[in-house]
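Residue strings, one per chain:
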Amino acid sequence: MCGFIGFTNPESDADSVLGEMLNKIKHRGPDAEGRYIDDDVALGHRRLSIIDVSDAGNQPLYSEDGSLVLVFNGEIYNYKTIREELVKKGYHFKTQTDSEVLIYGYKEYGEKLLDKLRGMFSFIIWDKKEKTLFGARDFFGIKPLYYAQMGKTFMFGSEIKSFLCHPDFKKELNTSALENYLSFQYSPCAETFFKGVYKLPPAHCFTYHNGKMDIKRYWEVRFDADEKPELDEWVSRISDTFHDSVKAHKIADVEVGSFLSSGVDSSYVAAIADVDKTFTVGFGSEERYNEISWAKEFSEAINIKNYNKVITPEEYWAKLPLIQYHMDEPLADPSAVALYFVCNLASRSLKVALSGEGADEIFGGYNVYSEPGATVYDRLPIGLRKGVASVVSKLPAKRGLNFFVRKGRTVEERFIGNAYMFTPKERKELLKIKTDAPDPTVITKPFYDKVKDKDDVTKMQYLDLHMWMTGDILLKADKMSMANSLEVRVPFLDKEVMALAEKIPTRYRVSHKGTAEGMKYTTKYAMRMAAKKDTPSGTSKTALKKKLGFPVPIRVWLKEDGYYNTVKKAFTGDVAERYFNTDKLVKLLDDHRSGRGDYSRKIWTVYMFLVWYDVYFGKV
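Now for a look at the structure at hand. Quick caveat: nothing in here was measured; it's all calculated off a predicted structure.

Conventions and cut-offs
- Residues numbered from 1 in each chain as written.
- Predicted model: local features only at pLDDT ≥ 70, side-chain atom pairs only at ≥ 80, totals over all residues.
- Heavy atoms only, no water.
- Helix = DSSP H or I, 4+ residues; strand = E, 2+ residues; numbered from the N terminus.
- Rg over C-alpha atoms; globule rule 2.2 N^0.38 Å.
- Buried < 20%, exposed > 50% of the residue type's maximum accessible area, 1.4 Å probe, protein only.
- Areas by Shrake-Rupley, 256 points an atom, 1.4 Å probe, with all protein chains shown as cover.
- Lys, Arg positive; Asp, Glu negative; His and termini not counted.
- Charge placed at Lys NZ, Arg CZ, Asp CG, Glu CD.
- Contact = heavy atoms within 4.5 Å.
- Polar contact = N/O pair within 3.5 Å; in protein donor to acceptor, adjacent residues only side chain to side chain.
- Phe/Tyr/Trp six-rings, centres within 6.5 Å; stacked < 30°, edge-to-face > 60°.
- Lys NZ or Arg CZ within 6 Å of the ring centre and 35° of its normal.
- Pairing = 2+ DSSP bridges.
- Axes fitted to C-alpha atoms, helices over the stretch in contact; angles between N-to-C directions.
- Core = buried A, V, L, I, M, F, W, Y, C linked by side-chain atoms within 4.5 Å.
- Arc of directions from axis to C-beta.
- Salt bridge = Lys/Arg side-chain N within 4 Å of Asp/Glu carboxyl O.

### Some words on the overall build of the chain
Within the chain, the secondary structure is distributed over 28 helices and 19 strands. In terms of overall size, the chain behaves like a compact globule, its C-alpha atoms giving a radius of gyration of 24 Å where 620 residues would be expected to give roughly 25 Å. Counting only residues that meet the buried cut, the chain has 60% of its 620 residues in that class. Surface exposure of the chain reaches about 24,500 Å², of which carbon and sulfur atoms provide 49%. In the chain, which carries 91 positive and 87 negative side-chain charges, the distance between the mean positions of the two groups comes to 5 Å.

### So, the environment of Lys533
Summarising the element assignment, Lys533 is placed in helix α22 (residues 525–534). For Lys533 and Glu429, which are 104 residues apart along the polypeptide, the C-alpha to C-alpha distance reads 51 Å. Setting aside residues no more than four positions away along its own chain, Lys533 makes contact with Val235 and Ser239. In terms of polar contacts, Lys533 uses its side chain to reach the side chain of Ser239, at 3.3 Å.

### A few points about unusual backbone geometry
Note the cis peptide between Gln59 and Pro60, where omega equals 5°. Among the secondary structure elements, Pro60 is positioned in the loop between β3 (41–47) and β4 (61–62). Located in the positive-phi region is Asn9, a residue other than glycine, with phi close to 55°. The residue Asn9 is located in the loop between β1 (2–8) and α1 (14–23) in this model.

### Examining the packing of aromatic side chains
Counted by the stated rule, this structure contains 51 aromatic pairs. A ring pair is formed by Phe123 and Phe134, whose centres lie 6.2 Å apart and whose planes are at 50°; its orientation type is tilted. Remark: Phe134 occurs in strand β7 (residues 132–137) and Phe123 occurs in strand β6 (residues 119–127); sequence separation between them is 11 residues. For Phe123, a relative accessible area of 0% puts it in the buried group. Measuring from ring centre to ring centre gives 5.8 Å for Phe194 and Phe617, while their planes differ by 25°; the resulting arrangement is stacked. Within this pair, whereas Phe194 is found in the loop between α5 (175–184) and β10 (197–199), its partner Phe617 is found in the segment after α28 (600–616), the two being separated by 423 residues in sequence. It is Lys161 that lies over the ring of Tyr325; its NZ or CZ is 5.0 Å from the centre. The ring of Phe617 carries the charged tip of Lys171 above its face, separated from the ring centre by 5.0 Å.

### Re the sheet that holds strand β16 (residues 352–354)
Sheet architecture is open: 5 strands sit in the order β15-β14-β13-β16-β17, paired in parallel fashion. Each edge of the open sheet carries a strand with a single partner, namely β15 (305–311) and β17 (487–489). Here the strands of the sheet are splayed against their neighbours by 30° on average, with no regard to which way each runs.

### Some thoughts on the sheet that holds β3
Think of a sheet as strands paired side by side through backbone hydrogen bonds, with each pair either parallel or antiparallel. Here we have 6 strands laid out as an open sheet, ordered β2-β3-β1-β9-β8-β10, and antiparallel in their pairing. Two strands lie at the open edges of the sheet, namely β2 (32–37) and β10, each paired on one side alone. With direction set aside, neighbouring strand axes in the sheet form an average angle of 15°. Summarising the sheet, β1 and β3 pair through 7 bridges and their orientation is antiparallel. Residue pairing for β3: Phe7 is matched across the bridge by Ala42.

### A look at the pairing of strand β13 (residues 256–259)
Of the two faces of β13, both are covered, the one formed by Val256 and Ser258 as well as the one formed by Gly257 and Phe259. Where β13 and β16 come together, 3 bridges link them in parallel fashion. Along β16, the bridge assignment pairs Val256 with Val352. Bridge analysis of β13 against strand β14 (residues 277–283) gives 2 bridges, and the strand direction is parallel. Its bridge partner being in β14, Phe259 is matched across the sheet by Phe279.

### Observations regarding the nonpolar core
Residues Phe123, Tyr316, Phe580 and Phe609 are the most contacted members of the largest nonpolar core, which totals 182 residues. The biggest single contributor to this core is α28, with 12 residues. Phe4, Ile124, Phe154 and Phe206 belong to the second largest nonpolar core, which has 16 residues in total.

### Considerations on the environment of Tyr462
Checked against the element boundaries, Tyr462 lands in helix α18 (residues 456–466). Expressed as a C-alpha distance, the spacing of Tyr462 and Val567, which sit 105 residues apart in the sequence, is 36 Å. Each residue touching Tyr462, except ones within four places of it in the same chain, is listed here: Glu220, Val221, Phe223, Phe447, Lys450 and Val451.

### Details of helix α10 (residues 320–327)
Residues of α10 that are buried: Leu320, Ile323, Gln324, His326 and Met327. Down the axis of α10, the smallest arc covering the buried residues is 160°, so these residues share one side. The inward-facing, buried residues of α10 contact α9 (313–318), α11 (335–347), α19 (468–483) and α28. Downstream of α10 by one or two residues, Asp328 has phi in the positive range, about 75°.

### Some thoughts on the pattern of salt bridges
Should their charged atoms come close, side chains of opposite charge can pair. Under the definition given, this model contains 45 salt bridges. With a shortest N-O distance of 2.7 Å, Glu33 and Arg35 are connected by a salt bridge. The class of Glu33 is partly exposed, set by a relative accessible area of 34%. Residue Lys161 pairs with Glu159 through a salt bridge whose shortest N-O separation is 2.6 Å. Both residues of the pair, Lys161 and Glu159, count as buried. It is possible to trace a salt-bridge network through shared partners that takes in Arg28, Lys143, Glu159, Lys161, Asp328, Asp478 and Lys479.

And the structure:
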């Protein structure tokens, strides 16, 4: 795992600029640094050595004739197979790294190389003869790739913070991103919070030549259920495929560990990974905020040593500026801080850890996926339900009426992902500034259009795979792990696992038959049954446990004097005054404290923006 940066049109002090930019991403690769500069481009790389840990694996890497130069972040799990093919074709390798297959693979197959890869990656190849940059980002967006055109300079890299060091970079807040963020809790569009800086979408590649950039998609998720196999067959297939993926994701020349919570995803990974260490964090002593006892019990059942830490409120709040610094863009997911601490804990023992991200999106694990078809009312025509919703919405607020309002809207109208913080109306009332940010449904529509013939559960999964997972789940996984110089690998997010999951019928993703203990529905149904089959007897309660997410007690903390006052100070400060109607911010905070409602996530969304702003545009 590594980090890279680069830019075109280097000036006389390019080496100095490159060095300063590289220092900003040293945490991504503390083991080695490499640079390449010619008249057209400057490339820099920081290395966290995992495969072929000798100096031979340092980057940039070069083709045998020196015409191609590579900087790469990630892991290619099937690199040995690709390497064998290329050796037979006459290519000569200097290293044992997975990186080198990208150079000769590109030389042999061009863009079609991407079809052969299995792994997580973002990389840039500079073709000196053609004076062309080729770049690509992996299938799911596990690894980041940012770019910006600033004047005549095209810059690219693993983290935006490195761009700020370049003399041509113009730092300006993208206020449209702020308004979008208030709904999604993350930055959902291609353009980031920094005006003119963009994210290359997952499963896309680009060429940059003569000042022009051409971007194209090279891979698609295609849900196409096969209704013939029964549940037992799907369980068997999931087990076989996931075992193969975990085996591939363990390829390394250093020790590999595993994160572990009380949920089925990380437990399934840990149970079949055959690692020596698991890592868990929690808060306080209440079970709903602390999964350590579950993790310790499970680790004992699979004969693995569990390392754990209880995060104090003081530690949590003290890390917030550092967390938002590493994120590059504001993220309001409270679990990001917990992820930072578990990465920090693991990094004291090893360089690589396995994690369970992606299982919910691929196999249908979020509780919200149980809503479609959950009641008899869902079977009524949508036109009738819309009519009822129209009448009910005009009635005085009363418990239970919101059910009819919600059911009177299509999934495309009501679901923008696992978080919906502020509605368009609410965010307009909250903001003092005017922006050209689109309605959330405008942002989600291109994804819904691609699955308009599918059922609602599949539509929700497809949207989450392309937005929530990339913008929130994988963003925090990459940035929090790299902040601690730790590589996190996610075996659920594998091309072969996805190819299988695309075929699983909806009834085996979300079951409404109450098949798990004490539950009216079961999400990730087939995957849970596979996990139950593959984990030791006596641990089945973990496979059937209802999804909790990563619970963080911000709801409780925001009612305490100290943290209430900390947030209130930010909500009435100069930056808040510039962008928000602060009386509405304070009212949210006071209403939460008095118990009029749980507004903790909305409060947190605004507060995290203010913390981030202070880091990148404020006094720090």
